[in-house]
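Analysis of the macromolecular model
What follows is each chain in one-letter form.
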Amino acid sequence: MKKVLAFDIDQTLNVAKTPIPDEIADLLIKCLDDFMICPISGQKFDQFLIQIVNRLIERGVNAAQLANLHLFVAQGTQYYRYYPNGYSDKPIQASAATDKAPYDKNNWHLEYDFPLTDEEVEKITTVLEESAKETGYWEEDKLEEGDEIIENRHSMVAFSALGQHAGTAQKYGWDADTKKRQAIVAKAAEKAPEFQYEIGGTTSINAFKKGMNKEFGMTKMLEVLGIEKKDVLYFGDMTQPGGNDYPVVKMGIDTITVRSHEDTAYALRGILGVL
Ligand SMILES: [Mg+2]
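Note that the coordinates shown come from a computational prediction; the quantities given were computed from them, not determined experimentally. (Residues numbered from 1 in each chain as written. Predicted model: local features only at pLDDT ≥ 70, side-chain atom pairs only at ≥ 80, totals over all residues.)

Moving on, we come to the nonpolar core. Ranked by size, the top nonpolar core spans 64 residues in total, and within it A6, I37, L128, I205 and A207 carry the most contacts. Formed jointly, this core draws a minimum of three residues from each of two domains, domain 1 (4-114 + 212-273) and domain 2 (118-209). (Core = buried A, V, L, I, M, F, W, Y, C linked by C-beta atoms within 7 Å. Buried ≥ 20, exposed ≤ 12 C-beta atoms within 10 Å, placed from the backbone. Domains from an automatic or database assignment.)

See the structure below:
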C-alpha cells in the first residue's frame, strides 16, 4: 500500500487561491489516519495555513492527525511539521495526550529551508520587471492599492501580472493562451539564464534557481520521510510536459491527473473505500 498521498494545491485540492472545500477537508482528515499527507506547491507557508490547515481545524482534525500532515512549502524548498506538544528534537509519539492537545499555530516547525540569497531575489525581480516592460505587459496601472506584481516567496520569486488581489474572471481573461507570459519568460531567460521560469496559474510566472522545481521538492520529501518513489501517490492538474506537476511524472512517481478538486475527491473516496 502507498504510504504517502502527495498533492499539488491549486486546482487539485481547491479552486486556485481559495481555501479547500468542506468535502476535500473531510476526505483529507480521514486519509490522515492511514497516510502521510503531503501538499506541495509554490505557495507561501501562510497560504498553506489559510487554504488547508485552518480548514482542517474547522472540520475537526485532531492533533495526532495533524502530526501526519507534512507541508512542502515553496515547491518543497521549505518543509514544515506539526508537533502536537510543541517542537522538540525527539520524534513525535502518538498518545492520548497528543490526540487531545489543543491546536497551536506556533507548533509548526520549519524542518529545512533552501532560500534564495538577497542578490538572487534582487536579480530575478529586476529581470522580470524589465522583461514585462519591454514586452508591454507591465500592468502596474491595473493594480489595486497596496498590491504588487512581484512577490518574494523566499526560495522563489512570483510574478502575478495583475497582482495578488485581482478578481478571478479578470485573471482568466488576461493570458488564456499563455502567449504574454511566454514572451516575458523568453526575455527573462535571455537576460538571466541561470534561473528557471515556470508558467503557472492564470497570470503567474514563478522564477527560481535552476532545478528547484517539484523534482527537488519531491526528492527531499522521499529523503526526509525515509520512503521510496513507489510509496507515493501524487495528485496534480498540470502534469503535461511544461506544467508545474510534470517534474513529478518524469521522476516516475505514480500520478493521478485531475481537472479539479472534484476529480481528487472522487479518487480519494475510492482509496478510502478499499482500505
Ligand atoms: Mg495546480
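Next comes the rest of the description.
Attention now moves to the packing of helix 1 (residues 22-31) against helix 10 (residues 261-273). Between helix 1 and helix 10, the shortest axis-to-axis distance is 10 Å and the interhelical angle comes to 30 degrees. The orientation of helix 1 with respect to helix 10, classified from their angle, is roughly parallel. For helix 1 against helix 10, the interelement crossing comes out left-handed. Counting all contacts with helix 1, which are made through E23, I24, L27, K30 and C31, the residues of helix 10 involved are H261, T264, A265, L268, R269 and L272. The residue inventory of the contact of helix 1 with helix 10, partitioned by class, reads six nonpolar, two polar and three charged. (Axes fitted to C-alpha atoms, helices over the stretch in contact; angles between N-to-C directions. Helix = DSSP H or I, 4+ residues; strand = E, 2+ residues; numbered from the N terminus. Parallel < 35°, antiparallel > 145°, perpendicular 65-115°, else oblique. Left-handed = near helix turned anticlockwise from the far one by under 90°. Contact = placed C-beta atoms within 7 Å. Nonpolar A, V, L, I, M, F, W, Y, C, P; charged D, E, K, R; others polar.)

Attention now goes to the domain arrangement of the protein. How big an interface is tends to be stated in terms of accessible area lost as the parts join. Along its sequence, the protein is organised into domain 1 (4-114 + 212-273) and domain 2 (118-209). Taking only C-alpha atoms, the centre of domain 1 and the centre of domain 2 are 26 Å apart. Counting residues at the interface gives twelve residues for domain 1 and twelve residues for domain 2. Split by residue class, the side of domain 1 that touches domain 2 holds four nonpolar, six polar and two charged.

Next up on the list: the pairing of strand 3 (residues 70-73). Both faces of strand 3 are covered, namely the face carrying H70 and F72 and the face carrying L71 and V73. As defined by bridge partners, strand 3 adjoins strand 4 (residues 78-82) across four bridges and the pair is classed as antiparallel. Looking across to strand 4, one finds that H70 is bridged to R81. The loop that links strand 3 with its antiparallel partner strand 4 comprises four residues; one of these, A74, has a positive phi angle of about 50 degrees. (Pairing = 2+ DSSP bridges.)

For the rest of this paragraph, the subject is the sheet that holds strand 1 (residues 4-7). With parallel pairing, four strands are arranged side by side in an open sheet as 2-1-10-11. The open sheet is flanked by strand 2 (36-39) and strand 11 (254-257), the only strands paired with a single partner. When the angles between neighbouring strand axes are averaged without regard to direction, this sheet yields 20 degrees. Note that strand 1 and strand 10 (residues 232-236) share four bridges and pair parallel.

We now examine the sheet that holds strand 3. Pairing within the open sheet is antiparallel, and its three strands lie in the order 3-4-5. Edge positions in the sheet fall to strand 3 and strand 5 (108-113), since each of these pairs with one other strand and no more. Pairs of neighbouring strands in the sheet enclose a mean axial angle of 25 degrees, with direction left out of account. This element, helix 8 (residues 214-225), spans strand 3, strand 4 and strand 5 of the sheet and lies at about 150 degrees to strand 3.

One can find N62 in the loop between helix 2 (45-58) and helix 3 (63-66). Take N62: there are 18 C-beta atoms within 10 Å of it, and that puts it in the partly exposed class.

An α-helical segment advances 3.6 residues per turn. Residues three or four places apart therefore align on the same side. End to end, helix 5 (residues 118-135) covers 26 Å across 18 residues, agreeing with the expected 26 Å (1.5 Å per residue, within 8%). Within helix 5, the full set of buried residues consists of I124, V127, L128, S131 and A132. Taken down its axis, helix 5 places every buried residue within 125 degrees of arc, on the same side. The exposed set on the far side of helix 5, more than 90 degrees from its buried face, consists of D118 and E119. Backbone geometry just after helix 5 places G136 at a positive phi near 85 degrees. (Expected span 1.5 Å × (residues − 1). Arc of directions from axis to C-beta.)

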